[in-house]
Amino acid sequence: MRIGVITFPGTLDDVDAVRAVRYAGAEPVSLWHADRDLDGVDAVIVPGGFSYGDYLRAGAIASLAPIMTEVVAGARRGLPVLGICNGFQILCEAGLLPGALVRNAGLHFVCRDLTLRVESTATAWTSAATVGQELLVPLKSGEGRYVAGPDTLAQLRDEGRVVFRYASGNLNGAFDDIAGVASADGRVVGLMPHPEHAIDPLTGPSDDGLVVFSSVLGAAVGR
Amino acid sequence: MARVVVDVMPKPEILDPQGQAVAGALVRLGIDGVADVRQGKHFELDVDDALDDETLHRIAGTLLANPVIEDWTVSRVAS
């Protein structure tokens, strides 16, 4: 399985995402923001960082990059797409995921290991996990507070599209402790914390994040 | 109480890469005819009626704007 990892100007975590793909047993494919095709990949990861310097709003400019036209078209066909941190912000700005990410409630940039709880395994990126499974992963963001309108929040809850919740304290004031959500078809997932930084105890707090990348190995069908 | 609006803009001679990024994104959206975009900040302050213009400009010039790189305007509006 080939998994694309997009690099925008200002992306930071593409190298770790590539490494996570390799650890999961897939072939990473580097994609560039100005590319106009996805090189036939079976899934796409939009990694973290500060794409385009967070100009205008975090993720706003990147959501209009040429490669994102292809990602949006791919997602409509069922291509699995994962957005991590700034990638989550980009997918929200691109309209692939509902809601938005705003400045942390305490105003502070939060950089800490924390526990996530898997709330749904009906997605391309959590199918190998179990509901209630706890993942020790880092969170590092200044604009990680998930917000959405009351109707959207109710819909996410009713449809089981809240994928991850903060289980060891809500450090950014996210509505309903939401750390990650999915599209209606479960193929597109975004989350603020960084599973790609937690794939090897040598370099991270755990290897709990690996399950996100191994989950997608079984989800390539339906492109 | 009075409503005061302070608009802060980068000086014309200061490069505004943020505005340029927005202009570039408009082109990618397929919108033609936007020659330039400059991005600034808009502040709304609810202040005591007694606060004079000199104080408002001091607020703008010492905190809301950096006089080296930004211009500002102060206006009282009906709240």
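Because the structure is a prediction, the values reported are computed rather than measured. (Residues numbered from 1 in each chain as written. Chains lettered and ligands numbered in written order. Predicted model: local features only at pLDDT ≥ 70, side-chain atom pairs only at ≥ 80, totals over all residues. Heavy atoms only, no water.)

A. Structural detail: the overall build of chain B. Along the backbone of chain B there are two helices and three strands. Going from N to C terminus, chain B has its helices and strands arranged as β-α-β-α-β. Relative to the compact-globule value of 12 Å for 79 residues, chain B shows a C-alpha radius of gyration of 16 Å, a clear excess of over 25%. If one aligns the C-alpha atoms of chain B with their principal axes, the spans along those axes are about 50 × 30 × 15 Å. Counting every position in chain B, which comprises 79 residues, the buried fraction comes to 28%. Across chain B, contacts joining residues at least 24 apart in sequence account for 72% of those joining residues at least 6 apart. Carbon and sulfur atoms make up 56% of the accessible area of chain B, which amounts to about 5200 Å² in all. With 7 positive and 14 negative side-chain charges, chain B shows a spacing of 4 Å between the two charge centroids. (Helix = DSSP H or I, 4+ residues; strand = E, 2+ residues; numbered from the N terminus. Rg over C-alpha atoms; globule rule 2.2 N^0.38 Å. Buried < 20%, exposed > 50% of the residue type's maximum accessible area, 1.4 Å probe, protein only. Contact = heavy atoms within 4.5 Å. Areas by Shrake-Rupley, 256 points an atom, 1.4 Å probe, with all protein chains shown as cover. Lys, Arg positive; Asp, Glu negative; His and termini not counted. Charge placed at Lys NZ, Arg CZ, Asp CG, Glu CD.)

B. Looking closely at the sheet that holds strand β2 (residues 41-47) of chain B. Residue and element names in this part refer to chain B. One open sheet holds the three strands; their spatial order is β2-β1-β3, and the pairing between them is antiparallel. Edge strands, defined here as strands with exactly one partner in the open sheet, are β2 and β3 (70-77). Put simply, the sheet's adjacent strands are angled 20° from each other on average, direction ignored. As judged from the seven bridges shared by strand β1 (residues 2-10) and β2, these two strands associate in the antiparallel manner. (Pairing = 2+ DSSP bridges. Axes fitted to C-alpha atoms, helices over the stretch in contact; angles between N-to-C directions.)

C. Focus on the pairing of β1 of chain B. In the sheet, β1 of chain B pairs with β3 of chain B via eight bridges, with the strands oriented antiparallel. Along β3 of chain B, the bridge assignment pairs Pro10 of chain B with Glu70 of chain B.

D. Region of interest: helix α1 (residues 17-28) of chain B. In a regular helix each residue adds 1.5 Å, so 12 residues correspond to 16 Å; α1 of chain B covers 16 Å between its end C-alpha atoms and thus fits that length. Positive backbone phi, approximately 85°, marks Gly30 of chain B, located one or two places after α1 of chain B. (Expected span 1.5 Å × (residues − 1).)

E. Structural detail: the packing of aromatic side chains. Residues and elements named next belong to chain A. Taken as a whole and judged by the stated rule, the model has two aromatic pairs over all chains. Relative to Tyr146, the ring of Phe88 lies with its centre 5.9 Å away and its plane at 10°, an arrangement referred to as stacked. With Phe88 in helix α3 (residues 86-93) and Tyr146 in strand β8 (residues 145-147), the pair connects residues that are 58 residues apart, well separated along the chain. Its relative accessible area of 0% is what places Phe88 among the buried residues. Take Tyr146: its relative accessible area is 1%, and that puts it in the buried class. (Phe/Tyr/Trp six-rings, centres within 6.5 Å; stacked < 30°, edge-to-face > 60°.)

F. Region of the structure containing the interface of chain B and chain A. Each partner contributes residues to the interface: chain B has eight residues there, and chain A has eight residues. Looking at the side of chain B facing chain A, the largest losses of area belong to Gln18, Ala21 and Arg28 of chain B, adding up to 57% of the total buried there. Linking chain B with chain A are zero salt bridges. Tallied by class, the residues present in the side of chain B that touches chain A amount to five nonpolar, two polar and one charged. (Buried area = accessible area lost by both parts, 1.4 Å probe. Salt bridge = Lys/Arg side-chain N within 4 Å of Asp/Glu carboxyl O. Nonpolar A, V, L, I, M, F, W, Y, C, P; charged D, E, K, R; others polar.)

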